[in-house]
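Okay, here's what each chain looks like letter by letter:
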There are 2 protein chains.
Amino acid sequence: MAVTNRDMANAVRALSMDAVEAAKSGHVGLPLGMADAATVLFRKFLKYDPANPAWPDRDRFVLSAGHGSMLIYSLLHLTGYKSVSRDDIRNFRQLGANTPGHPENFVTAGVETTTGPLGQGIATAVGMAIAERHLNARFGDDLVNHKTYVIAGDGCLMEGISQEAITLAGHLKLNRLIVLFDDNQVTIDGNIGLSDNTAQCARFEASGWATRKVDGHDEKDIASALKWAQNQKKPTFLAVKTIIGYGAPKLAGTGKAHGGPYGPEEIAGIRENIGWPHEPFEVPAAIEDAWAKAGTRGKPDHDAWKKRLAASPQKGEFNAAIAGSLPKNLGKAIIKHKQAVAAGGETKATRQWSGAALEVITGLVPEMVGGSADLTGSNNTQTSHTTALTPTSWGGRYIHYGVREHAMAAAMNGMALHGGIIPYSGTFLVFADYSRAAIRIGALMGTRVIHVMTHDSIGLGEDGPTHQPVEQVASLRAMPNMHVFRPADGVETAECWELALENEDGPAVMALTRQGVKPARTTHTDENLCAKGGYVLSDCKGKAQAVIIATGSEVEVALAAQDQLAKDGVKTRVVSMPCMELFEAQDAKYQQATLGGDVPRVAVEAGVRFGWDRWIGHDGGFVGMTGFGASAPAKELFKHFGITADAVAAAVKARV
Amino acid sequence: MAVTNRDMANAVRALSMDAVEAAKSGHVGLPLGMADAATVLFRKFLKYDPANPAWPDRDRFVLSAGHGSMLIYSLLHLTGYKSVSRDDIRNFRQLGANTPGHPENFVTAGVETTTGPLGQGIATAVGMAIAERHLNARFGDDLVNHKTYVIAGDGCLMEGISQEAITLAGHLKLNRLIVLFDDNQVTIDGNIGLSDNTAQCARFEASGWATRKVDGHDEKDIASALKWAQNQKKPTFLAVKTIIGYGAPKLAGTGKAHGGPYGPEEIAGIRENIGWPHEPFEVPAAIEDAWAKAGTRGKPDHDAWKKRLAASPQKGEFNAAIAGSLPKNLGKAIIKHKQAVAAGGETKATRQWSGAALEVITGLVPEMVGGSADLTGSNNTQTSHTTALTPTSWGGRYIHYGVREHAMAAAMNGMALHGGIIPYSGTFLVFADYSRAAIRIGALMGTRVIHVMTHDSIGLGEDGPTHQPVEQVASLRAMPNMHVFRPADGVETAECWELALENEDGPAVMALTRQGVKPARTTHTDENLCAKGGYVLSDCKGKAQAVIIATGSEVEVALAAQDQLAKDGVKTRVVSMPCMELFEAQDAKYQQATLGGDVPRVAVEAGVRFGWDRWIGHDGGFVGMTGFGASAPAKELFKHFGITADAVAAAVKARV
């Protein structure tokens, strides 16, 4: 008897429900509902090679509704990915298994991105689809010619980030992006009508998508829709009508089908209803074979691709781009740039210095693709090497993201995960709050994405407290695997850019000033002094009576205080600390030596104290903000809030 | 000669451009473009009384495109609000003036909410419109019968939060909400086509809005559209076509018209083009008079309303609701509840204890309107007193917000600002990252909104690191004017709820466990021990050799460690610190006495150390997380990450 699509889908259903029952937690509603559609996709459309999950020209599959993780684990397992064994499925959601509660790309080969927080997947997929079109423009159809498929649920589509993502994708005409919406009309709280009445197809059409409704339990309708989707000149949205918890006697089609183990009775009922008499975790050999065969479908494609690559004159360039390695001459170019900056002695905003560093870097690193959330002129993120990436010019290297901070951050994650691109983008630092959920997933996944965030304190002046970050630097420092750089001048800005690029395993935030800052580093060093996070910038003769620690624009304040204090006979040392995380990573000896041992310390930073006690102690001095800012010219604000050399000097004197 | 709408609009234009020129910063593009429409609105439709900006039944006007703040300042000034004098306008964006860069409701009477971060205004307005319909259901047309008007720009509509807000508004059929979209086709980076191609009317229609296109420079068309909007049974979206920087010879209609002073030549050109020969900041008397007359239009309405209120049997109840005062019997009811909880000695999750506290509180405080972002069963936010608020039952007290954390937080701000409602809502703590920008504006404005955030650590278990907060508590503690509560058991949860409600001047986050916690407080006290933020929960006999500080679920761990250590002859004290901010607000004497003076300290919290050094010192012990979590059952995770009594005991022993 021939194995049908339905038989194969039922294997996905069975493994998914058995795993959730064994784990006593998880979400089986989606795998039961979407199994038919996903089976068609993995059998007939998706281009992949389980033996080589990292094949650069594979299609990307993103399960944006990440709670339905057993769907992807079942598919990876059945198609032959070694990353998901039957034991991993038996040990779903257990410590050490390759089958965590939500899909994690850094745990399970074959998972393209980490999902779970809703809407992230679809927005990350937009980044992957941008990367594909961009690299296609650079390397041609022979090397880059694939699609990005997404399964998204109601929750993904309700999250605001999805709107940012779909309007960006529609604008850029990303025709290789195909979204399958699990249109099951149910959320956790109950029927979708309890909280939403959006006509999703109409919504997507309004932003330039092709849309079509599909019966999610009709193999032919699914295949026909996917075939149709291949040839659209727009991104495609398929509203795949399904029954959540398909097959469950009592729960199917209800809010309770979303998650949690269904219990033995319902599971027995599903087995009965879908005609699956087999034991838990057991799949008949014929069905296993059919799946294994489906998993080999991509190998000839992959082999042909390898031949094309081998023969391509762009082979070396392509491999370097995918590896994400930096050109060897970059280090020297940065040194040369630093030398010129140190010699120039100019007063400029660090956002301008960042633009100058980017001019050097983007000239040498063709993988750098920049952008801004509609603040290009303010963020200084566009350079002479980065023309606009548009629907008629996907090869451009600068994305006008629009006022979409959240999707921008997620799309950057997607580009980095896709490979071949080192993404950076710009917005105001205070708007890190808009994109924080995507920044976090980047930190969790360890993607190299660089968030340029300018206007980093009350120094932005008149725009007032809604635009003045006071707690953002602290809140970002609190995030694991994140590097927050707050450079003091042009030299430090170049050094911090270098450090951000060299760290391949995590994101960075560049917190930069709107206002001009005096140069702090006027003597050139080849060495990247920022690499240790904090270092002695200006010492006194003999032992310091106190140490002043500062970051960014307040280094200037610290140096002025040091001068004042010297005149009053108080010897101090100034430590610049552009990256607290890198300083924390040094050994205790270096930390102590830098911070001058057991002397009073005063920190100055135009933000909140939170987090600083680690370096200055409970009784240390802190000159900064204690609440929100105000609207006025920057210079007046620094006076008004008492972030001045006088205040620093007074804080030192009170302690020596 | 009769004063025309155009004359009056030109007064708005002139004051706006003169103010921006004087400040040398600000955004005049929107005031120049939207002056005609706004003038029609303030002359003929908006219900307001400048002499009484707090009149509860006034229409609300929200400038969601807050950068165009001079529009609202000009309107408030011309219509007679005392909060904006001509001098305030001359001193636009200067320290101490009532005219900050972006509109701030806590600075300027007549400004309904603080805007600037894009999309917040429209989402906050949705909350105001919910509040209006809800209070109308409670108090009837005589007392509550008004509209909410919004001016939003392209940027607002590109932000994801706007999608969450409009889908929620469409779902709830908020027909008193009218959005005027400043459809000027220009963003900062250039023409809108550079980043977006969305058909906005179609998008809004897809979510149940009535829409209409309007010529924003045609007084009659504007009036006709606003009249039409009054009678829709849906929220209304008017796409008001305007020319940004209207009148400016070179800049009008370009990206450069968005912001910044235009310079003397352009300004002279505008004066010429709009026929405004007057000196800067000068408005001819006839036009001033016409505006002053427009400003008195609402007084008869207000007087009639006052009479209706005076005659209403609901007068006292209405005034109490608007004042936001808590019922006098609430304190006693909470004490009674605490007594029962302490006596019961049950092990439950604090999210369940929160549900129990809410059962008591919502029964006594009819102003409490709750909800959840599609996690009602998990957040325990719905009680027997709060039935669903739906389009056919606006009087309900429970909102199924859908998966829309960001709009939920903003809508809560809007309800609190509207008055008559004390909003609370629920989601998982990790998703504070989705709503952070709205939470922050609430903190800045000082709105009393309570964010119930459950599943507050790795204790949530199998859902894994995407769902496990490790840095969220720290990141929220970093925010000014925010109270983060992390109670340890049922008694503390009740106390923290009381504290959150009593603090009328700012938001609170309730960080609550998914997993059960043993009771920490088994002896009843009438006194709210959490009020000081941290207190001695369990002391030793004689002087403690070390102090263990803990919050939430880790209080149980601390108490177990204390027991272990006692057996080994090490005397320790356990301090519970459910609210670091309230502890920080105590005097040094209390802090020192509680923390046991100069003894070693160890903190235990299932989150990052960031911020804790303030209380434990650089060399203090910390038992918590150093990175992201993992997917596994909760108990295994606490072992895996070493958050155990053994680890706390070892950290103490290493220091005594």
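The name given to chain A in an unreviewed UniProt entry is Transketolase, with Hyphomonas johnsonii MHS-2 as the source organism. Recorded in UniProt under Subunit (unreviewed entry), the annotation for chain A is "Homodimer." UniProt's Catalytic activity (unreviewed entry) comment on chain A is quoted here verbatim: "D-sedoheptulose 7-phosphate + D-glyceraldehyde 3-phosphate = aldehydo-D-ribose 5-phosphate + D-xylulose 5-phosphate".

A.B. asks: Just to check I follow, could you spell out helix α1 (residues 5–23) of chain B for this structure?
C.D. replies: Every α-helix winds through 3.6 residues per turn, so residues three or four apart in the chain are directed the same way. Counted at 1.5 Å a residue, the expected span for α1(B) with its 19 residues is 27 Å, and the 27 Å between its end C-alpha atoms agrees. When you tally the buried positions in α1(B), you get 15 out of 19 residues, the bulk of the element.

A.B. asks: Got a minute to help me understand the side chain of A:S631 in this structure?
C.D. replies: If you trace the backbone, A:S631 turns up in the loop between β20 (621–623) and α25 (634–640). A polar atom in the side chain of A:S631 sits 2.7 Å from the backbone oxygen of A:E462. Looking at A:S631, its side chain comes within polar contact range of the main-chain nitrogen of B:G101, at 2.8 Å. Setting aside residues no more than four positions away along its own chain, A:S631 makes contact with A:G461, A:E462, A:G464, A:P465, B:R93, B:Q94, B:L95, B:P100 and B:G101.

A.B. asks: How should I be thinking about the interface of chain A and chain B in this particular structure?
C.D. replies: A common way to state how big an interface is: give the accessible area lost once the parts meet. Between chain A and chain B, the contact holds 95 residues from the first and 95 residues from the second. Across the chain A to chain B interface the summed buried area is about 7900 Å²; carbon plus sulfur atoms make up 57%. Summed over the shared surface of chain A and chain B, the result is ten salt bridges. Here chain A and chain B share 46 residue pairs in polar contact (both at pLDDT 80 or more) between them. In terms of residue count, helix α18 (residues 432–445) of chain A provides more of the side of chain A that touches chain B than any other element does, seven residues in total. Classifying every residue of the side of chain A that touches chain B by side-chain character gives 37 nonpolar, 37 polar and 21 charged.

A.B. asks: When you look at the packing of aromatic side chains in this model, what are you seeing that I'm missing?
C.D. replies: What characterises a pair of aromatic rings is the spacing of the ring centres plus the angle enclosed by the ring planes. Residues and elements named next belong to chain A. Considering all chains together, one arrives at 33 aromatic pairs over all chains under this definition. Consider the rings of F204 and F237, whose centres lie 3.8 Å apart with planes at 15°: the pair is stacked. Residue F204 is located in helix α8 (residues 200–206), and its partner F237 is located in strand β7 (residues 236–241); the two are separated by 33 residues in the primary sequence. Residue classification places F237 among the buried positions, given a relative accessible area of 0%. Aromatic side chains Y424 and W497 sit 5.9 Å apart centroid to centroid with 90° between the ring planes, which places their arrangement in the edge-to-face category. Here the residue Y424 occupies a position in strand β11 (residues 422–428), and W497 occupies one in helix α20 (residues 490–502), the gap between them amounting to 73 residues.

A.B. asks: Got a minute to help me understand the pattern of salt bridges in this structure?
C.D. replies: Note that side chains of opposite charge can pair when their charged atoms are close. A full pass over the atoms with the stated rule returns 62 salt bridges over all chains. A salt bridge links A:R6 to A:D36; the nearest nitrogen and oxygen atoms lie 3.1 Å apart. Linking A:R6 in helix α1 (residues 5–23) with A:D36 in helix α2 (residues 29–45), this pair joins segments that are 30 residues apart in sequence. Using a relative accessible area of 31% as the deciding quantity, one classes A:R6 as partly exposed. Two residues, B:D142 and B:R308, come together in a salt bridge whose shortest N-O distance is 3.9 Å.

A.B. asks: Explain the layout of surface pockets to me, please; I cannot follow it from the model alone.
C.D. replies: In this approach a probe as big as a water molecule rolls over the atoms, and the regions it shows empty are the leftover space. Space inside the largest pocket adds up to approximately 1100 Å³. For the largest pocket, the lining is made up of 43 residues, of which A:F610, A:G611, B:R609, B:F610 and B:G611 are closest to its centre. Taken together, the elements giving at least two residues each to the lining of the largest pocket come down to α22 (580–584) and α24 (613–616) of chain A together with α22 (580–584) and α24 (613–616) of chain B. For the lining of the largest pocket, the element with the most residues is α22(A), which contributes four residues. Its residues placed into classes, the lining of the largest pocket shows 21 nonpolar, ten polar and twelve charged.

A.B. asks: Mind showing me how you'd approach the sheet that holds strand β12 (residues 450–454) of chain B here?
C.D. replies: Pairing between sheet strands relies on hydrogen bonds along the backbone, with the strands arranged either parallel or antiparallel. Residue and element names in this part refer to chain B. With parallel pairing, six strands are arranged side by side in an open sheet as β10-β9-β11-β12-β14-β13. Only two strands of the sheet have a single partner each, and these edge strands are β10 (398–400) and β13 (483–485). Averaged over all neighbouring strand pairs, the angle between strand axes comes to 20°, with direction disregarded. By the bridge criterion, two bridges tie strand β9 (residues 368–372) to strand β11 (residues 422–428) in an arrangement that is parallel. The residue of β11 that forms the bridge with M368 is I422.

A.B. asks: Whenever I open this one, the nonpolar core confuses me. Can you help?
C.D. replies: Soluble globular proteins tend to pack their nonpolar side chains together in the buried interior. Counting 292 residues, the largest nonpolar core has A:W497, A:I549, B:W497 and B:I549 as its most contacted members. In contact with A:I549, other than residues within four places in its own chain, are A:V575, A:M577, A:L595, A:R601, A:V602, A:A603, A:V604, A:W612, A:W615 and A:I616. Residues A:A37, A:A38, A:F61 and A:I287 belong to the second largest nonpolar core, which totals 67 residues.

A.B. asks: Just to check I follow, could you spell out the pairing of strand β17 (residues 546–550) of chain A for this structure?
C.D. replies: A regular strand places its side chains so that they alternate between the two faces of the sheet. Residue and element names in this part refer to chain A. Buried residues dominate β17, accounting for five of its five residues. Going residue by residue along β17, you find A546, I548 and A550 tucked away on one face and V547 and I549 tucked away on the opposite face as well. Sheet topology places β17 next to strand β18 (residues 572–576); five bridges connect them, and they run parallel. Counterpart to I549 in the pairing with β18 is V575. You can see the chain leave β17, run along helix α21 (residues 554–567) and come back into β18, and the turn it takes is right-handed. Where β17 and strand β19 (residues 601–604) come together, four bridges link them in parallel fashion. If you follow I548 over to β19, its bridge partner there is V602.

A.B. asks: So what exactly am I meant to see when it comes to the relation of the copies chain A and chain B here?
C.D. replies: What relates the two chain copies is a rotation about an axis together with a slide along it. Superposing chain A onto chain B takes a rotation of 180° plus a shift of 0.0 Å along the axis, which leaves an RMSD of 0.0 Å. Such a turn and shift between the copies fits a two-fold axis. It is A:G160 whose C-alpha, among those of chain A, lies nearest the rotation axis, at 1.8 Å. Interface overlap between copies: 100% of the residues of chain A at the interface are likewise at the interface in chain B, consistent with a symmetric, same-surface contact.

Reading the values: rules and limits
Residues numbered from 1 in each chain as written. Chains lettered and ligands numbered in written order. Predicted model: local features only at pLDDT ≥ 70, side-chain atom pairs only at ≥ 80, totals over all residues. Heavy atoms only, no water. UniProt positions renumbered as here; feature names shortened; annotations may be inferred. Helix = DSSP H or I, 4+ residues; strand = E, 2+ residues; numbered from the N terminus. Expected span 1.5 Å × (residues − 1). Buried < 20%, exposed > 50% of the residue type's maximum accessible area, 1.4 Å probe, protein only. Polar contact = N/O pair within 3.5 Å; in protein donor to acceptor, adjacent residues only side chain to side chain. Contact = heavy atoms within 4.5 Å. Buried area = accessible area lost by both parts, 1.4 Å probe. Salt bridge = Lys/Arg side-chain N within 4 Å of Asp/Glu carboxyl O. Nonpolar A, V, L, I, M, F, W, Y, C, P; charged D, E, K, R; others polar. Phe/Tyr/Trp six-rings, centres within 6.5 Å; stacked < 30°, edge-to-face > 60°. 1 Å grid on protein atoms, 1.4 Å probe; cavity = no way out; pocket = protein on both sides within 12 Å on 5 of 7 lines; lining within 4 Å. Points joined across faces, edges and corners; volume = space filled by probe spheres on them. Pairing = 2+ DSSP bridges. Axes fitted to C-alpha atoms, helices over the stretch in contact; angles between N-to-C directions. Core = buried A, V, L, I, M, F, W, Y, C linked by side-chain atoms within 4.5 Å. Right-handed = clockwise from strand over helix to strand, strands pointing away. Least-squares fit on C-alpha atoms with pLDDT ≥ 70 in both.

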